[in-house]
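Examination of the molecular architecture
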Amino acid sequence: VVAASERGEAGEAGETGEADAMQAAAMLPSQRAAPDVLCCVCGVSMKPNKVNTCAQCLQSSHDVTSEFAKQAVLLRCKACERFQKA
């Protein structure tokens, strides 16, 4: 029976671990997986963002459509009933 160290398997495993560590160190901070954080409002686990608030809490507290018009006036020709281009 041949031992793992005689076949060189132990050395390969160590080299793979070192290569993974070097590759992780060479990654940009934006490429690394960010650890999960808790939402500051409801406490659900999520990926971190600038306000550390989950999408549901952020949606309930801020109306992102407030700056957009909710109604518009459409003008239509009486003769051909086409809508006027804006």
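Residues numbered from 1 in each chain as written. Predicted model: local features only at pLDDT ≥ 70, side-chain atom pairs only at ≥ 80, totals over all residues. Heavy atoms only, no water.

Description of the environment of Gln 84
Mapped onto the elements, Gln 84 comes out in the segment after helix 3 (55-61). Spatially, the C-alpha atoms of Gln 84 and Leu 74 are 7.3 Å apart, while their sequence positions differ by ten residues. (Helix = DSSP H or I, 4+ residues; strand = E, 2+ residues; numbered from the N terminus.)

Let's talk about the side chain of Thr 53
Assignment of secondary structure puts Thr 53 in the loop between strand 2 (45-46) and helix 3. Using a relative accessible area of 10% as the deciding quantity, one classes Thr 53 as buried. A distance of 3.0 Å separates a polar atom in the side chain of Thr 53 from the backbone oxygen of Val 51. The residues contacting Thr 53, other than those within four sequence positions of it, are Cys 39, Cys 40, Val 41, Met 46 and Leu 58. (Buried < 20%, exposed > 50% of the residue type's maximum accessible area, 1.4 Å probe, protein only. Polar contact = N/O pair within 3.5 Å; in protein donor to acceptor, adjacent residues only side chain to side chain. Contact = heavy atoms within 4.5 Å.)

So, unusual backbone geometry
At Asn 52, a position not held by glycine, the phi torsion is positive, near 50°. As for its placement among the helices and strands, Asn 52 is situated in the loop between strand 2 and helix 3. On the accessibility criterion, Asn 52 (31% relative accessible area) is partly exposed. With a phi angle near 60°, Glu 81 is a residue other than glycine that sits in the positive phi range. Within the element layout of this structure, Glu 81 appears in the segment after helix 3.

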